[in-house]
Amino acid sequence: MKQHIAHITVVVKDYDEAIRFYTEKLDFTLIEDTVLSETKRWVLVAPVGATECCLLLAKAADEEQTSRIGNQTGRRVAFFLYTDDFWRDYHKMVERGIHFVRLPKEEEYGMVAVFEDLYGNLWDLLQPKK
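The name an unreviewed UniProt entry gives the chain is VOC domain-containing protein, with Chitinophaga flava as the organism.

Undergrad: In this structure, what is going on with the layout of surface pockets? I would like to understand it.
TA: Summary: where empty space remains is shown by rolling a probe the size of a single water molecule over the atoms. There is about 290 Å³ of room inside the largest pocket. When contributions to the lining of the largest pocket are tallied by element, the ones reaching two or more residues are β5 (77-82) and α3 (86-95). Broken down by element, the lining of the largest pocket gets its largest block of residues, four residues, from α3. Counted by class, the lining of the largest pocket contains eight nonpolar, one polar and seven charged residues. Empty space within the second largest pocket amounts to approximately 210 Å³. Elements represented by at least two residues in the lining of the second largest pocket include exactly β4 (54-59) and β5. Residues of the lining of the second largest pocket, tallied by class, amount to 11 nonpolar, no polar and no charged. Residues lining the lining of the second largest pocket come from more than one domain, with at least three contributed by each of domain 1 (1-69) and domain 2 (72-129).

Undergrad: Would you mind showing me how to read the sheet that holds strand β1 (residues 7-12) here?
TA: Pairing between the strands of a sheet comes from backbone hydrogen bonds, and it takes one of two forms, parallel or antiparallel. Pairing is mixed across the open sheet formed by four strands, whose spatial order is β1-β4-β3-β2. In the strand order of this sheet, the two ends are held by β1 and β2 (29-35), each with one partner. Between one strand and the next, the sheet's axes are offset by a mean angle of 25°, whatever the strand orientation. Pairing analysis gives three bridges linking strand β3 (residues 41-46) to β4, with the strands arranged antiparallel. Note on β4: the bridge partner recorded for Val45 is Leu55. On the sheet, helix α1 (residues 15-25) packs against β1, β2, β3 and β4 and is oriented at approximately 155° with respect to β4.

Undergrad: Quick question: what am I supposed to make of the packing of aromatic side chains here?
TA: Two measures describe an aromatic ring pair: the distance that separates the ring centres and the angle between the ring planes. As enumerated under the stated definition, the model contains 11 aromatic pairs in all. On the numbers, 6.1 Å between centres and 50° between planes, the contact of Tyr22 with Trp123 is tilted. With Tyr22 in helix α1 and Trp123 in strand β8 (residues 122-128), the pair connects residues that are 101 residues apart, well separated along the chain. As far as burial versus exposure is concerned, Tyr22 and Trp123 are alike and both buried. Taking the centre distance of 6.2 Å and the plane angle of 75° together, the rings of Phe28 and Trp123 count as edge-to-face.

Definitions and cut-offs
- Residues numbered from 1 in each chain as written.
- Predicted model: local features only at pLDDT ≥ 70, side-chain atom pairs only at ≥ 80, totals over all residues.
- Heavy atoms only, no water.
- 1 Å grid on protein atoms, 1.4 Å probe; cavity = no way out; pocket = protein on both sides within 12 Å on 5 of 7 lines; lining within 4 Å.
- Points joined across faces, edges and corners; volume = space filled by probe spheres on them.
- Helix = DSSP H or I, 4+ residues; strand = E, 2+ residues; numbered from the N terminus.
- Nonpolar A, V, L, I, M, F, W, Y, C, P; charged D, E, K, R; others polar.
- Domains from an automatic or database assignment.
- Pairing = 2+ DSSP bridges.
- Axes fitted to C-alpha atoms, helices over the stretch in contact; angles between N-to-C directions.
- Contact = heavy atoms within 4.5 Å.
- Phe/Tyr/Trp six-rings, centres within 6.5 Å; stacked < 30°, edge-to-face > 60°.
- Buried < 20%, exposed > 50% of the residue type's maximum accessible area, 1.4 Å probe, protein only.

Written as structure tokens, this is what we have:
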């Protein structure tokens, strides 16, 4: 038996601004953008080279969902972006205005820094040790 996680939802304020952030600031690929209704789209983005799991960008539909934008995990790191070249990606992200809330640090498991996405969700940028 083989299973995998296909999509993880990130609640967003606006589809287009979220697409711009992930594709222009993080170099993610826009996998799909399908209009489902006047208010709903099916928007998938993924890091370059990702083959199984991607983000489903879901526009908040009510007050409760809107209240979760940027704080889906109570200010814990929610997402982990692995890289094969930490310093290349870190410097590119800094140049593009990504806000790092924890500066790079060598840990026993690898090089890591914590950044915020456009809404404040926390991400680890991580290059694991081999």
